[in-house]
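# Observations on chain architecture
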Amino acid sequence: MTATVFRTRGLTRIYDTGKVQVRALDGVDLDLFESEFTVLLGPSGSGKSTLLNILGGLDRPSSGTVMFRDIDLTRLDDTQLTAYRRDHVGFVFQFYNLVASLTARENVQLVTDVARDPMPPEDALRLVGLEARLDHFPAELSGGEQQRVAIARAIAKRPDVLLCDEPTGALDSKTGVQVLEALHMVNMQLGTATIVITHNAAIRRMAHRVVRFQDGRVLSVETNDHRIAPQEIAW
Ligand SMILES: Nc1ncnc2c1ncn2[C@@H]1O[C@H](COP(=O)(O)OP(=O)(O)OP(=O)(O)O)[C@@H](O)[C@H]1O
């Protein structure tokens, strides 16, 4: 049996907006596993991003526990949480947040220059299929290529987990599939536990495990017996 990378118990996040309290997460018990590719599905507002932000140490729960391996993230102070993010977590968001005045290689270098055990930026860009675009600026790259630079930037520090919030949300099917191929390669070659939020149900078919959310709770967890290749996915 594969070891768990994340274990949440009774995870609850309440946003207090003054007039109303929103239970974004409402007692989530969830195990996610080392090296697995997990897809999080669910309607808008069901709590997916809130969960991802807590797993990534960007936010804290109101109650409950979240273990990363044998570390209880809820017990870390702010400095320790920052160190956890820096050493263990790669993030990919819907919008790429690349520095426009830097090339693809230089955007990745921003991270590798300060990481503890980085891979060369060229290796990270090769892994996502961009070896021919090293010296291109973001404006010279397609949306899918820019997202792949963002993935290279996220994985160049060799994180243990890669957390992706709608990574194909801004992309059409053809370029979106290239981004999924890049995530698949990272997961296969580096064994990085990869957790992907998507509204696109077609993507669930490439996952090891699919978690469905509703109203801040886990509705179901399914394991895919037959995964399909990213190239077979279309939307
Ligand atoms: N900073 C905040 N302040 C108040 N309420 C918030 C805040 N962030 C999220 N929420 C609320 O918490 C609930 C869960 O939001 P969350 O973003 O986690 O959902 P989601 O499933 O990721 O949605 P989407 O698919 O639209 O991104 C929603 O009702 C949302 O309005």
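This text follows the structure it describes.
One structure accompanies this document, and this report is about it. (Residues numbered from 1 in each chain as written. Predicted model: local features only at pLDDT ≥ 70, side-chain atom pairs only at ≥ 80, totals over all residues. Heavy atoms only, no water.)

## Section: the side chain of K157
Selection criterion: The numbering of helices and of strands both runs from the N terminus, where a helix is a DSSP run of H or I of at least 4 residues and a strand a run of E of at least 2. Each residue's exposure class comes from its accessible area (1.4 Å probe, protein chains only) as a fraction of the maximum for that residue type: buried when under 20%, exposed when over 50%, partly exposed otherwise. When charges are counted, Lys and Arg are positive and Asp and Glu negative, with His and the chain ends excluded. Note on definitions: salt bridges are taken to be side-chain nitrogens of Lys or Arg within 4 Å of carboxyl oxygens of Asp or Glu. Identification of polar contacts relies on pairs of N or O atoms within 3.5 Å, with a donor-acceptor requirement for protein atoms, meaning one able to donate a hydrogen and the other able to accept it, and with residues adjacent in sequence counted only if both atoms are side-chain atoms.
Here K157 is to be found in the loop between α5 (143–155) and β7 (161–165). For the buried K157, no salt bridge is present, and the opposite-charge side chain at shortest range is D87, 7.1 Å distant. Within the local environment of K157, its side chain forms a polar contact with the backbone oxygen of R85, the two atoms lying 3.2 Å apart. For K157, the side chain forms a polar contact with the main-chain oxygen of V89, separated by 2.6 Å.

## Some thoughts on the sheet that holds strand β4 (residues 63–68)
Formally: Two strands qualify as a pair provided that DSSP identifies no fewer than 2 bridges between them.
An order of β2-β1-β4-β5 is seen for the four strands of this open sheet, with the pairing classed as antiparallel. Pairing within the sheet leaves two strands with one partner each, and these edge strands are β2 (21–33) and β5 (71–72). Of the strand pairs in this sheet, strand β1 (residues 4–16) and β4 are connected by five bridges, and their pairing is antiparallel. Its bridge partner being in β4, T8 is matched across the sheet by V66.

## As for the site of the ligand
Note the following rule: We call a residue near a molecule or strand as soon as one heavy atom of that residue lies within 4 Å of the molecule or strand. Throughout, the ten residues Ala, Val, Leu, Ile, Met, Phe, Trp, Tyr, Cys and Pro are labelled nonpolar, Asp, Glu, Lys and Arg are labelled charged, and all others, Gly among them, are labelled polar.
Around the ligand there are 13 residues in total, and S44, G45, K48, S49 and T50 lie nearest to it. In the model, an oxygen atom of the ligand is placed 2.8 Å from a nitrogen or oxygen of the G45 main chain. Within the side chain of T50, a nitrogen or oxygen atom sits 2.5 Å from an oxygen atom of the ligand. Per-element accounting of the shell around the ligand gives the leading share, three residues, to helix α1 (residues 48–55). Looking at the shell around the ligand, its residues break down into four nonpolar, eight polar and one charged.

## A word on a nonpolar patch on the surface
Using the following cut-off: The patches reported here contain residues having more than 30% relative accessible area and no salt bridge. Joining distances are 9 Å for like charges and 5 Å for nonpolar side chains (Val, Leu, Ile, Met, Phe, Trp, Tyr). With residues, only the protein chains shown are counted as cover, and all accessible areas are computed by Shrake-Rupley using a 1.4 Å probe.
The grouping of Y15, V20 and V22 at the surface amounts to a nonpolar patch, some 230 Å² of accessible area in total. Positionally, Y15 belongs in strand β1. We classify Y15 as partly exposed; its relative accessible area is 30%.

## Here's the deal with the pattern of salt bridges
A complete count under the given rule lists 18 salt bridges for this structure. With a closest N to O distance of 3.4 Å, R69 and D160 form a salt bridge. Of this pair, R69 sits in the loop between β4 and β5 while D160 sits in the loop between α5 and β7, and the two are 91 residues apart along the sequence. Relative accessible area serves as the criterion here: at 36%, R69 is assigned to the partly exposed category. Several salt bridges converge on common partners, so that one network encompasses R7, R9 and D31.

## Focus: the packing of aromatic side chains
Here is the rule: Two aromatic rings, drawn from Phe, Tyr or Trp (for Trp, its six-membered ring), form a pair once their centres lie within 6.5 Å of each other, and the interplanar angle then sorts them: stacked below 30 degrees, edge-to-face above 60, tilted otherwise.
Taken as a whole and assessed by the stated rule, the structure comprises three aromatic pairs. Arranged with centres 5.7 Å apart and planes meeting at 10°, the rings of F91 and F93 form a pair that is stacked. Here the aromatic residues F6, F68 and Y84 are joined through ring pairs into a cluster of three or more.

Without other data, these values stay purely geometric and don't point to any function.
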